[in-house]
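Spelled out, the chains give:
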Amino acid sequence: MTGDTAHNVPAFAPDVFVEGAGGSALVGGHCRQCGSTWFPTAERCPEDGTRLEPIEIGRTGRLYSYTVVRTKAPFGLPEPYGVGYVDLDDVPLRVFMLLDPAQVDRLAIGAPVRLASATLGVGLNGEPCRRPYFTLLTDTQ
Amino acid sequence: MTAVVGIGITPFGRHLDRTIAQLGATAARAALEDSGLTSAQVEAGYVANALGGMLFGDTTIGQGILAELGIRRVPVLNVENACTSGSSALWLAWNAIEAGQMDCAIVLGVEKMCVPGLGLINSGRSEIDTQLGLVTPASFAMRAMRHMHEFGTTRAQMASVVAKSRAHGARNPLALFQRQETVADVLAAPLVADPLTRSECCPIADGAAAVVLASDRLARQAPRAIRLNTAVLGSGSYENLADMVRWETDSRTARQAYERAGVGPEDIDLVECHDAFSIAEILHCEALGLCPAGEGGRLAAAGETSLGGRIPVNVSGGLLSRGHPVAATGVAQIVEIVMQLRGEAGARQVTGARTGLAQCMGGDRAGDTKSCTVAILSR
Ligand SMILES: [Zn+2]
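Residues numbered from 1 in each chain as written. Chains lettered and ligands numbered in written order. Predicted model: local features only at pLDDT ≥ 70, side-chain atom pairs only at ≥ 80, totals over all residues. Heavy atoms only, no water.

1. What about the packing of aromatic side chains?
All names here are of chain B. This model, assessed by the stated rule, comprises four aromatic pairs over all chains. Seen in terms of ring centroids, Phe-140 and Trp-247 are 5.8 Å apart; in terms of plane orientation they differ by 50°. Their pairing is tilted. Of this pair, Phe-140 sits in helix α6 (residues 136-151) while Trp-247 is found in the loop between β8 (226-235) and α10 (248-261), placing the two residues 107 residues apart along the sequence. Owing to a relative accessible area of 9%, Phe-140 belongs among the buried residues under this scheme. These aromatic residues form a ring-pair network of at least three members: Phe-140, Trp-247 and Phe-277. Geometry around Phe-140 places Arg-143 over its ring, the cationic atom sitting 5.8 Å from the centre. For the cation-ring pair, Arg-143 lies above Trp-247, with the distance from its terminal atom to the ring centre recorded as 3.6 Å. (Phe/Tyr/Trp six-rings, centres within 6.5 Å; stacked < 30°, edge-to-face > 60°. Helix = DSSP H or I, 4+ residues; strand = E, 2+ residues; numbered from the N terminus. Buried < 20%, exposed > 50% of the residue type's maximum accessible area, 1.4 Å probe, protein only. Lys NZ or Arg CZ within 6 Å of the ring centre and 35° of its normal.)

2. A few points about the sheet that holds strand β2 (residues 45-48) of chain B
Think of a sheet as strands paired side by side through backbone hydrogen bonds, with each pair either parallel or antiparallel. All names here are of chain B. With mixed pairing, the nine strands of this open sheet are ordered in space as β3-β2-β4-β7-β1-β8-β11-β10-β9. Only two strands of the sheet have a single neighbouring strand rather than two, namely β3 (76-79) and β9 (270-272). Geometrically, the sheet is characterised by an average inter-axis angle of 25° between neighbouring strands, direction not taken into account. Note that strand β1 (residues 2-9) and strand β7 (residues 207-215) share seven bridges and pair antiparallel. What sits directly across from Thr-2, in β7, is Ser-215. Its contacts with the sheet put α10 on β8, β10 (355-362) and β11 (371-378), and the angle it makes with β8 is roughly 145°. (Pairing = 2+ DSSP bridges. Axes fitted to C-alpha atoms, helices over the stretch in contact; angles between N-to-C directions. Contact = heavy atoms within 4.5 Å.)

3. Remarks on the interface of chain B and chain A
In many reports, interface size means the accessible area that the parts give up when they come together. Across the boundary between the two partners, chain B contributes 29 residues, which contact 29 residues of chain A. Regarding the contact of chain B and chain A, the summed buried area is about 2700 Å², with carbon and sulfur atoms giving 64% of it. Its largest share of buried area at the contact with chain A, chain B owes to B:Gln131, B:Leu132 and B:Met142, together 27% of the area lost on that side. Inspection of the chain B/chain A interface yields one salt bridge. Linking A:Arg70 and B:Asp194 is a salt bridge whose minimum nitrogen-to-oxygen distance equals 2.7 Å. Mapped by element, the contributors of at least two residues to the side of chain B that touches chain A are α5 (128-131), α6 and β5 (191-193) of chain B. Of the residues in the side of chain B that touches chain A, the class split is 17 nonpolar, six polar and six charged. (Buried area = accessible area lost by both parts, 1.4 Å probe. Salt bridge = Lys/Arg side-chain N within 4 Å of Asp/Glu carboxyl O. Nonpolar A, V, L, I, M, F, W, Y, C, P; charged D, E, K, R; others polar.)

4. Quick look at the side chain of B:Thr84
Looking at where B:Thr84 falls in the secondary structure, it is placed in the loop between β3 and α4 (85-98). For B:Thr84, the residues in contact, after removing those within four places along its chain, are B:Cys360, B:Met361, B:Gly362, B:Ser371, B:Cys372 and B:Thr373.

5. Some remarks on the packing of helix α1 (residues 20-35) of chain B against helix α3 (residues 61-68) of chain B
Residue and element names in this part refer to chain B. Taken N-terminus to C-terminus, the directions of α1 and α3 make an angle of 50°; their axes are 9 Å apart at the nearest point. Between α1 and α3, the angle falls in the class oblique. Both α1 and α3 take part in a crossing whose hand is right-handed. Together, Ile-20, Ala-21, Gly-24, Ala-25, Ala-28 and Arg-29 of α1 and Ile-61, Ile-65, Leu-66 and Glu-68 of α3 make up the contact between the two elements. Residues of the contact of α1 with α3, tallied by class, amount to seven nonpolar, one polar and two charged. (Parallel < 35°, antiparallel > 145°, perpendicular 65-115°, else oblique. Left-handed = near helix turned anticlockwise from the far one by under 90°.)

6. Comments concerning the pairing of strand β9 (residues 128-136) of chain A
Residue and element names in this part refer to chain A. When you tally the buried positions in β9, you get eight out of nine residues, the bulk of the element. Relative to β9, strand β8 (residues 112-122) runs antiparallel, the two sharing eight bridges. Paired with Thr-119 across the two strands is Arg-130, which belongs to β9. Hairpin connection of β8 to β9: five residues between the antiparallel strands, including Gly-126 at a positive phi of 85°.

7. Things to note about the coordination of the zinc ion
All names here are of chain A. Note on the zinc ion: its protein donors are Cys-31 (SG), Cys-34 (SG), Cys-45 (SG), Asp-48 (OD) and Asp-48 (OD). The metal-donor distances range over 2.2 to 2.7 Å. Each donor residue of the zinc ion belongs to the same chain, and together they define the spacing C-x2-C-x10-C-x2-D. Of this pair, Cys-31 sits in the loop between β2 (23-30) and β3 (37-38) while Asp-48 sits in the loop between β3 and β4 (53-57), placing them 17 residues apart in sequence. Overall, Cys-31 belongs to the buried group, its relative accessible area being 0%. Since its relative accessible area comes to 33%, Asp-48 is described here as partly exposed. (Donors = N, O, S within 2.8 Å, 3.2 Å for Na, K, Ca; no water.)

8. Section: the domain arrangement of chain B
Residue and element names in this part refer to chain B. For chain B, the assigned domains read domain 1 (2-115 + 205-228) and domain 2 (128-203 + 231-378). The centre of domain 1, based on its C-alpha atoms, is set 23 Å off from the matching centre of domain 2. Residue-level contacts link 43 residues of domain 1 with 36 residues of domain 2. Buried area between domain 1 and domain 2, summed over both chains or domains, comes out near 3000 Å², and the portion from carbon and sulfur atoms is 72%. Ranking the residues of domain 1 by area buried against domain 2 places Phe-12, Cys-83 and Ile-226 at the top, with a combined share of 23%. One can count two salt bridges joining domain 1 with domain 2. Counting across the domain 1 and domain 2 interface gives ten residue pairs in polar contact (both at pLDDT 80 or more). Where the side of domain 1 that touches domain 2 is concerned, the elements lending two or more residues are β1, α4, β4 (104-111), β7 and β8. A total of seven residues in the side of domain 1 that touches domain 2 trace back to one element, the largest contributor, which is α4. Its residues placed into classes, the side of domain 1 that touches domain 2 shows 25 nonpolar, 13 polar and five charged. (Domains from an automatic or database assignment. Polar contact = N/O pair within 3.5 Å; in protein donor to acceptor, adjacent residues only side chain to side chain.)

Here it is in structure tokens:
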């Protein structure tokens, strides 16, 4: 799932993740007023209405739970494909995310994971697009 | 106090030759006839339908259906609240009568969804989670994986929920599935989302269910009135970190219902809950306090939730075997409990049932449900 580049392929949605030389990260929303972080981000903090500021989060985490979906995949995703909830290492958030389609037979609760991204599936209008996903750390070291 | 004075329901299944309006009118007419009241006595209508707008471009169907029954001029509301559409309509009607706004209202849930090309239900195509592959079975499959991890719940225990459901469904002529299925059969079915097989996911269906609610004043004349003690509607807390196996929104809604009805889990004789998946029934049994957290799988496998067991759950067959016409389900649960409390449930009668509980949930947001309802009824 690595090696392809982001050239001219749009992200599946804005303000969800970034791709750079340092790898991929999720884009959360940080509240200066109460210190909370939200993912996906929103305009304002649901707790106090403060305008949220973008913050890069979630480069690594641990798998809280997962499943492998074996029905017809939506949005041109691979069949089968994995999804899971990941407890992020850097902020106290449990986020839903795609998992590396190449690893669906090796997933385990508690496994350390790292964020990656690739051209994966299609967008709302059927166009190829970039999506973030977590990949098992043990496979990439 | 509010009572259910009339019930009506169609068989759940494929009604390819019938429109939403025909299905809805059939159930509503049956409920009105069962109540012994006339259409002129109905002061409001609450009509739930979740998918008609998306599938057929049908909106505000309630007025048309009820007009055919002669219910005109009065307030009619169309209600969409995902899988709790029907139970949310009930909640609205219950509140109106409790508030003294009216003496009689009809509640109808109707769905026609057996159409070609209907994919897996999700929580809205534009939601980020949906675009990252979150289909409803995946959401519950992840809960199942975590439940197995934390509590040692086995796939066989989860499958026993389905085997029990099929046995119940076989006793309900209104149910879509009428055939027994063993634990081995359930586990041998194709995987939909690990560890859930196709048998552990509820089937879609067409169908309609209706109830007539009445105030004390009116219910006094109804010989077979069943009290609707309380109806609670809540929405998600969307807490992060969400505990996926101790469902706060589920247990909070249950607790509110118990408090308001002045009863506890030990007082309940039968439960209809939102068993959209095998694991869902296990989680709801725990949230409703029928067993301690983590024990739901063992509860089902031990037969305690079977007809004749300590606390029968989904004796109608539930969503898993009766089928799940989305907006009809919440009302169908009430119809089933009323039949049971009247002693009119035939081969699936829970002997001596006095108090029943109905629970529904719908929608998916941030690892939580968007909507949750609990109603408690008694005779
Ligand atoms: Zn804040």
